[in-house]
Amino acid sequence: MNTKKFLVTATLFIVSVTFAQKEELKALKKIYAKDEIKGTDLSDYKSLLTKVEPLATEEGDKIYTNFYKAMLPVLELNALDKNTPALQAQMIVAKNLSPASISNFEKGLNATLDYEKKTGKKIQTDDILETITSYKPELLNIAVRLGNEKKYKESSEILYSIYKLDKKDTEKLYFAANYALNAEDHDKALQYYQELKSINYTGEGTTYLANNKATGKDETFATKAERDKLVLLGTHSNPKEEKNASVKGEIYKNIAALLVQKGQNEEAKAAMIEAKKENPKDTSIILAQADLLYKLKDMEGYKKTINEALAINPNDVDLIFNLGIVSASSNQFADAEKYYEKVIELKPDYVNAYINLADLKLKPDAKIVEEMNKLGNSEKDLKRYNVIKQERQNLFNSALPLLEKAHQLDKSNDVIKQNLKSVYSFLELTEKVKALKNE
């Protein structure tokens, strides 16, 4: 066997394959660069992709092959014309704007941007950035539509792709995380929330709004300049701004809850400790830690953490109310009563404080009824019966004004109505029972 001759032949084969590959990439680039895709352009483009894909071995060739493949949906959509049958057009749009296609689109574009940044040769960079700017609003519309249709998983995937295409738009990562949580895609939700944590996302900022004169509805704008331009043009009016509160505590709380769900309790605790170290005065994070401790049934730890938050915001009625709840669940009824009364003192229209305080007042009733049912007809039992009957009367009288106040504050609440009716009935206030029924 002539080994030398074989090696020469093999080398010639490799050179010819490489040459063919380069020519096909050039042909792809030529079709891609056209202002209009027509005739056989699209089928030629697909055919070239099929040929070049298995031949691409060098890094650059692989990158650009994947780039042209990623851009295929854009070319297919641009090739649609008014003569395309409606059903066929819908199928093409659905295929090319699916979450999977959009994800491939993002990966192909970002890989090319990274490669050109590394090599210093911006062959497609400007075109890619222009494509992202052009297509981002359309991708967002698709994500919003899917979200409105409660297709949360698909919406989340597209929102994440939008974020990856434009990492300055961190809000899209936040919404991707929330939709993944709604879809119960817990692994993705955890991944996205941890990404939010790593970039120190807070959600704080300003939302710019103006009223669209055509629709009569407020619209939001990414920048003040964008909004003011339309107000100046006269298409919008009543410009206003809204401050967005921090969502950092919510992010940490969701991370902890997802870790607990996966049985990673220690990791959840560690995440909250780390968060508090970085933001010791952020009450939203302190409350997220309290929520975690409550889920883990660490009531003493929960109370301690709530009190940390109260030391920062001593008149926060929601914190005090939560202390009342956890005290009651730990059978510390005197403390619970004290907290609910404090809430009412600070915020007299806090309906749930009245409901819970009334429930506390009536809590001994079950034991009283149980004892009454056990009593016999002896003189001693009858005396005891009269004593505890009066005790029961006192309980209902103490709960009555609380439930009446709660009903006054929230007349549509059926639970309050039912409880108030029971109290009226026991106290034999028949006229009040009738009035309540007739509301």
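For every chain, the first residue of the written sequence is number 1, and numbering continues from 1 along that sequence. Thresholds applied to this predicted model are a pLDDT of at least 70 for local features of residues and 80 or more for the giving and counting of side-chain atom pairs; totals over whole chains, interfaces and linings are not thresholded and use all residues. In computing side-chain properties, one takes all heavy atoms of the structure into account and sets aside hydrogens as well as water.

J.: Just to check I follow, could you spell out the side chain of Asn 110 for this structure?
T.: Only DSSP runs of H or I covering at least 4 residues are called helices, and only runs of E covering at least 2 are called strands; the numbering of each starts at the N terminus. Residue placement: Asn 110 occurs in helix H6 (residues 99-119). Exposure remark for Asn 110: the relative accessible area of 16% places this residue in the buried category. Under the rule applied, a polar contact is a pair of N or O atoms within 3.5 Å (in protein, one hydrogen donor and one hydrogen acceptor; residues adjacent in sequence only if both atoms are side-chain atoms). A polar atom in the side chain of Asn 110 sits 2.8 Å from the side chain of Glu 106. When a residue's accessible area, from a 1.4 Å probe over protein chains only, is under 20% of the maximum for its type it is buried; when over 50% it is exposed; and in between it is partly exposed.

J.: Whenever I open this one, the pairing of strand E1 (residues 205-212) confuses me. Can you help?
T.: It is a general feature of regular strands that their side chains alternate between the two faces of the sheet. E1 sits mainly inside the fold: six of its eight residues count as buried. Taken together, the seven bridges between E1 and strand E3 (residues 236-244) define a ladder with antiparallel strand orientation. Bridged to Tyr 208 within E3 is Glu 241. Here, any two strands with at least 2 DSSP bridges between them count as paired. Here E1 pairs with strand E2 (residues 218-221) via four bridges, running antiparallel. The residue of E2 that forms the bridge with Tyr 208 is Phe 221. Hairpin connection between E1 and E2: a loop of five residues separates the two successive antiparallel strands, and Gly 216 in this loop has a positive phi of roughly 80°.

J.: Whenever I open this one, the packing of helix H9 (residues 170-182) against helix H12 (residues 248-261) confuses me. Can you help?
T.: Axis definition: a line fitted to C-alpha atoms, over the contacting stretch in the case of helices. Angles run 0 to 180 degrees between N-to-C directions. One can describe the packing of H9 onto H12 by two numbers: an axis separation of 12 Å at closest approach and a directional angle of 35°. Like other packed secondary-structure pairs, H9 and H12 cross with a definite hand, here left-handed. Across from Tyr 174, Asn 178 and Leu 181 in H9, the residues of H12 making contact are Glu 250, Ile 251, Asn 254 and Leu 258. All residues other than Ala, Val, Leu, Ile, Met, Phe, Trp, Tyr, Cys, Pro, Asp, Glu, Lys and Arg, Gly among them, are scored as polar; the first ten of these are nonpolar and the last four charged. Residues that form the contact of H9 with H12 fall into these classes: four nonpolar, two polar and one charged. The handedness criterion is simple: a crossing whose near helix is rotated anticlockwise from the far helix by less than a right angle is left-handed, and one whose near helix is rotated clockwise is right-handed. Any two residues whose heavy atoms approach within 4.5 Å are treated as being in contact.

J.: Sorry, what's going on with the pattern of salt bridges here?
T.: Side-chain pairs of opposite charge can arise whenever the charged atoms involved come near each other. The working definition used for a salt bridge is a side-chain nitrogen of Lys or Arg within 4 Å of a carboxyl oxygen of Asp or Glu. Applying the stated criterion across every chain yields a total of 33 salt bridges. Residue Glu 345 pairs with Lys 342 through a salt bridge whose shortest N-O separation is 3.8 Å. With a gap of three residues between them, Glu 345 and Lys 342 both fall in helix H17 (residues 333-346), about one helical turn apart. With relative accessibility at 33%, the residue Lys 342 sits in the partly exposed group. Of the charged contacts in the structure, one is a salt bridge between Asp 365 and Arg 392, with a shortest N-O distance of 2.5 Å. Taken together, the residues Asp 365 in helix H19 (residues 365-374) and Arg 392 in helix H20 (residues 379-409) connect sequence positions 27 residues apart. Each member of the pair, Asp 365 together with Arg 392, is buried. Residues participating in the shared-partner salt-bridge network are Lys 136, Asp 166, Lys 168, Asp 169, Glu 171 and Lys 172.

J.: Help me understand the packing of aromatic side chains in this model?
T.: Given two aromatic rings, their pairing is described by the distance between the two centres and the angle made by the two planes. Classification of ring pairs uses Phe, Tyr and Trp, with its six-membered ring standing for Trp, and accepts pairs whose centres are within 6.5 Å; under 30 degrees between planes counts as stacked, over 60 as edge-to-face, and the remaining range as tilted. For the structure shown, the criterion picks out 14 aromatic pairs. Look at Tyr 32 and Phe 67: their rings are 5.4 Å apart centre to centre, the planes differ by 75°, and that puts the pair in the edge-to-face class. Placement of Tyr 32 in helix H1 (residues 3-32) and of Phe 67 in helix H3 (residues 59-70) is noted, with a sequence separation of 35 residues between them. Each of the two residues, Tyr 32 as well as Phe 67, counts as buried. Between Tyr 294 and Tyr 302 the ring centres are 5.2 Å apart and the planes differ by 55°, which places this aromatic pair in the tilted class. The exposure class assigned to Tyr 302 is buried, which follows from its relative accessible area of 6%. Every member of this aromatic cluster is reached through a ring pair, and the members are Tyr 32, Tyr 45, Phe 67 and Tyr 68. Geometrically, a lysine NZ or arginine CZ counts as sitting over a ring once it is within 6 Å of the ring centre and also within 35 degrees of the ring normal. Geometry around Tyr 339 places Lys 338 over its ring, the cationic atom sitting 5.1 Å from the centre.

J.: Just checking my understanding: could you explain the nonpolar core for this structure?
T.: Note that soluble globular proteins tend to have their nonpolar side chains buried in a common cluster. Ranked by size, the top nonpolar core spans 64 residues in total, and within it Tyr 45, Tyr 68, Met 71 and Leu 109 carry the most contacts. Considering each element in turn, this core owes the most residues, seven residues, to helix H7 (residues 125-148). Look past the residues within four positions of Tyr 45 in its chain and what remains in contact with it is Leu 28, Ile 31, Tyr 32, Tyr 68, Lys 69, Met 71, Leu 72 and Leu 75. Listed in part, the 45 residues of the second largest apolar core include Leu 310, Ile 320, Tyr 339 and Leu 402. Grouping buried Ala, Val, Leu, Ile, Met, Phe, Trp, Tyr and Cys residues that are joined through side-chain atoms within 4.5 Å yields what is termed a nonpolar core.

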